[in-house]
Amino acid sequence: KKLRDKFKRGDALVLTPQINFRGKAIEPKEGLVMDVGSDYMTLGVGNSWPLGLMELRKHPDTYRVRLDRSLSGVPLRVQRSSLDKLRKGEAGSVANLLVNLYYGEEEGGSLARREELLML
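Residues numbered from 1 in each chain as written. Predicted model: local features only at pLDDT ≥ 70, side-chain atom pairs only at ≥ 80, totals over all residues. Heavy atoms only, no water.

Undergrad: Whenever I open this one, the nonpolar core confuses me. Can you help?
TA: In a soluble, globular protein the nonpolar side chains are often hidden away together inside. Counting 5 residues, the largest nonpolar core is built from Ile19, Phe21, Ile26, Leu56 and Tyr63. Beyond its immediate stretch of four places on either side in the chain, Ile19 contacts Ile26, Leu56, Thr62, Tyr63 and Arg64. (Core = buried A, V, L, I, M, F, W, Y, C linked by side-chain atoms within 4.5 Å. Buried < 20%, exposed > 50% of the residue type's maximum accessible area, 1.4 Å probe, protein only. Contact = heavy atoms within 4.5 Å.)

Undergrad: Teacher, can you tell me more about the side chain of Thr16 here?
TA: Assignment of secondary structure puts Thr16 in strand β1 (residues 12–17). With residues near it in sequence (within four places) discarded, Thr16 still touches Pro28, Arg64, Val65, Arg66 and Asp68. (Helix = DSSP H or I, 4+ residues; strand = E, 2+ residues; numbered from the N terminus.)

Undergrad: What is the right way to read the pairing of β1 from this model?
TA: Counting buried positions over the 6 residues of β1 gives 5, a clear majority of the element. Summarising the sheet, β1 and strand β4 (residues 29–36) pair through 4 bridges and their orientation is antiparallel. When the sheet's bridge partners are listed, Leu13 is paired in β4 with Gly31. Note that β1 and strand β6 (residues 65–69) share 5 bridges and pair antiparallel. By the bridge assignment for β6, Leu15 is matched with Leu67. (Pairing = 2+ DSSP bridges.)

Undergrad: Help me understand the pattern of salt bridges in this model?
TA: A side chain of one charge can pair with a side chain of the opposite charge when the charged atoms of the two come close. What the rule picks out here adds up to 3 salt bridges. Note that Arg69 and Asp11 form a salt bridge whose closest N and O atoms lie 3.1 Å from each other. In this pair, Arg69 sits in strand β6 while Asp11 sits in the loop between α1 (3–6) and β1, placing the two residues 58 residues apart along the sequence. Since its relative accessible area comes to 51%, Arg69 is described here as exposed. For Arg66, the salt bridge is made with Asp68, and the minimal N-O distance between the two is 2.8 Å. (Salt bridge = Lys/Arg side-chain N within 4 Å of Asp/Glu carboxyl O.)

Undergrad: Which parts of the structure should I look at to understand the side chain of Ser70?
TA: Relative to the helices and strands, Ser70 is located in the loop between β6 and α3 (74–88). Here the side chain of Ser70 touches Glu30 through a polar contact of 2.4 Å, side chain to side chain. (Polar contact = N/O pair within 3.5 Å; in protein donor to acceptor, adjacent residues only side chain to side chain.)

Undergrad: Which parts of the structure should I look at to understand unusual backbone geometry?
TA: Peptide bonds are mostly trans, and most non-glycine residues show a negative phi. Even without being a glycine, Arg22 presents a positive backbone phi close to 55°. Topologically, Arg22 is positioned in the loop between β2 (20–21) and β3 (24–25). Residues other than glycine seldom take positive phi values, yet Asp61 does so here, at roughly 65°. Positionally, Asp61 belongs in the loop between α2 (53–56) and β6. On the basis of relative accessibility, which here comes to 64%, the residue Asp61 falls in the exposed class.

In structure tokens form, the structure reads like this:
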């Protein structure tokens, strides 16, 4: 299947190297698809290359990566929306129960901790 059929410009991807470099695991890096063709893709990864990529670029097939779709800012927007509903009392009884369960009603200061959560 062609890359163009799988990805489009603007997709957020997580680039996870499948190798170690100088004995260290390489951290995944989030990137944005800048251009995609039938058999190539240009991925913008910020102001620095992933660790080891520049050193291994002259050796074909040595820097193997896994690409996963990223939801980018979606989880943060959903989290903020959920907290807004909780603040307004529109989240429902289950959400209130989970907050009380997580922060514990029997602990001293749990009300202050809950208020701190709601102020995020």
